Amino acid sequence: AQTVTQSQPEMSVQEAETVTLSCTYDTSESDYYLFWYKQPPSRQMILVIRQEAYKQQNATENRFSVNFQKAAKSFSLKISDSQLGDAAMYFCAYRTLNSNSGYALNFGKGTSLLVTP
Amino acid sequence: DAGITQSPRHKVTETGTPVTLRCHQTENHRYMYWYRQDPGHGLRLIHYSYGVKDTDKGEVSDGYSVSRSKTEDFLLTLESATSSQTSVYFCAISTRRKDSNYGYTFGSGTRLTVV
């Protein structure tokens, strides 16, 4: 099974600044998908960004971008111009392309992001 | 967005009692999942389903069973609840849209407390 590691249980950033959340994963597969999800206190799971491993170009969604280093098995999330509404738990997740696990997402333990005024 | 509802939203139960959580989807998506979320552990897969009556175990399946008798409903049962099963439970479905290859929709979660 693939392992997803988020080494930062908590992070803090000031409003308008930039923060990077780390994620590494372990896999023997050459093709897969990676995700970042945001979970605010409401418990809702919100997709932030998705990256296909076969694509070399890093995915971006407005203020959110990733640094995907396939050889290093690293998938960090950069949040630019941080806003108070970005405060949440962030989860990194891996999805295999084979059906053995029903295409289930495999999550890291999460990083709690605090945004200060 | 695919419609997915979980019930109940909150439940308190006593140790040793059976508990069933329900996940209902309004579209005919094939893959459905049950996760539990605990502090310091993220979301861990309990069971998943790939069709009616087709289910399989996930990472933390001990003490849980599931059933899927209809495409739209995926039930999670704790046969005899224990305090270690106090958690937040999420249902999810795998969706496919024309503008993306893969997507997932999550329910709003059920907070279960076993006393």
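So, a few notes on the structure that sits alongside this text.

How each quantity is defined
- Residues numbered from 1 in each chain as written.
- Chains lettered and ligands numbered in written order.
- Predicted model: local features only at pLDDT ≥ 70, side-chain atom pairs only at ≥ 80, totals over all residues.
- Heavy atoms only, no water.
- Helix = DSSP H or I, 4+ residues; strand = E, 2+ residues; numbered from the N terminus.
- Buried < 20%, exposed > 50% of the residue type's maximum accessible area, 1.4 Å probe, protein only.
- Lys, Arg positive; Asp, Glu negative; His and termini not counted.
- Charge placed at Lys NZ, Arg CZ, Asp CG, Glu CD.
- Contact = heavy atoms within 4.5 Å.
- Buried area = accessible area lost by both parts, 1.4 Å probe.
- Salt bridge = Lys/Arg side-chain N within 4 Å of Asp/Glu carboxyl O.
- Polar contact = N/O pair within 3.5 Å; in protein donor to acceptor, adjacent residues only side chain to side chain.
- 1 Å grid on protein atoms, 1.4 Å probe; cavity = no way out; pocket = protein on both sides within 12 Å on 5 of 7 lines; lining within 4 Å.
- Points joined across faces, edges and corners; volume = space filled by probe spheres on them.
- Nonpolar A, V, L, I, M, F, W, Y, C, P; charged D, E, K, R; others polar.

1. Some remarks on the overall build of chain A
Then, in step 1: Scanning chain A from N- to C-terminus turns up 0 helices and 12 strands.
Then, in step 2: Reading chain A from its N terminus to its C terminus gives the helix and strand order β-β-β-β-β-β-β-β-β-β-β-β.
Then, in step 3: The C-alpha extent of chain A, read off along each of the three principal axes, is 45 × 30 × 20 Å.
Then, in step 4: In chain A, which comprises 117 residues, the proportion classed as buried is 48%.
Then, in step 5: Of note, chain A has its 10 positive side-chain charges centred 6 Å away from the centre of its 10 negative side-chain charges.

2. Looking at the side chain of B:Thr110
Then, in step 1: Mapping B:Thr110 onto the fold places it in strand S11 (residues 110-114).
Then, in step 2: Setting aside residues up to four positions removed in sequence, B:Thr110 forms contacts with A:Arg43, B:Gln6, B:Ser7, B:Pro8, B:Arg9, B:Leu21, B:Ser87, B:Val88 and B:Tyr89.

3. Some details on the interface of chain B and chain A
Put simply, an interface is often sized by how much accessible area is lost when its parts join up.
Then, in step 1: Taken together, the contact pairs 24 residues of chain B with 21 residues of chain A.
Then, in step 2: Of the roughly 1,900 Å² buried between chain B and chain A on both sides combined, carbon and sulfur atoms contribute 52%.
Then, in step 3: In this assembly, chain B and chain A are joined by 0 salt bridges.
Then, in step 4: The tally of links between chain B and chain A comes to 8 residue pairs in polar contact (both at pLDDT 80 or more).
Then, in step 5: At the level of elements, strand S4 (32-38), strand S5 (42-51), strand S9 (87-97), strand S10 (100-106) and S11 of chain B are the ones that each hand at least two residues to the side of chain B that touches chain A.
Then, in step 6: When residues in the side of chain B that touches chain A are grouped by element, the largest group, 6 residues, is from S10(B).

4. Quick notes on the environment of B:Arg36
Residue and element names in this part refer to chain B.
Then, in step 1: Residue position: Arg 36 is located in strand S4.
Then, in step 2: Along the primary structure Arg 36 and Val 60 are separated by 24 residues, whereas in three dimensions their C-alpha atoms are 8.6 Å apart.
Then, in step 3: Once you skip the residues sitting within four places of it in the chain, Arg 36 turns out to touch Gly 42, Leu 43, Arg 44, Ile 46, Val 60, Tyr 64, Ser 84, Gln 85, Thr 86, Ser 87, Val 88 and Tyr 89.
Then, in step 4: Within the structure, Arg 36 has its side chain in polar contact with the backbone oxygen of Ser 84 (distance 2.8 Å).

5. Notes on the layout of surface pockets
Then, in step 1: In this structure, the second largest pocket spans a volume of roughly 420 Å³.
Then, in step 2: Forming the boundary of the second largest pocket are 23 residues, of which A:Gln39, A:Met89, A:Phe91, B:Gln37 and B:Pro39 lie nearest the centre.
Then, in step 3: Counting residues per element, the ones that place at least two in the lining of the second largest pocket are strand S10 (88-96) of chain A together with S4, S9 and S11 of chain B.
Then, in step 4: When the residues that make up the lining of the second largest pocket are grouped by side-chain class, the tally is 10 nonpolar, 9 polar and 4 charged.

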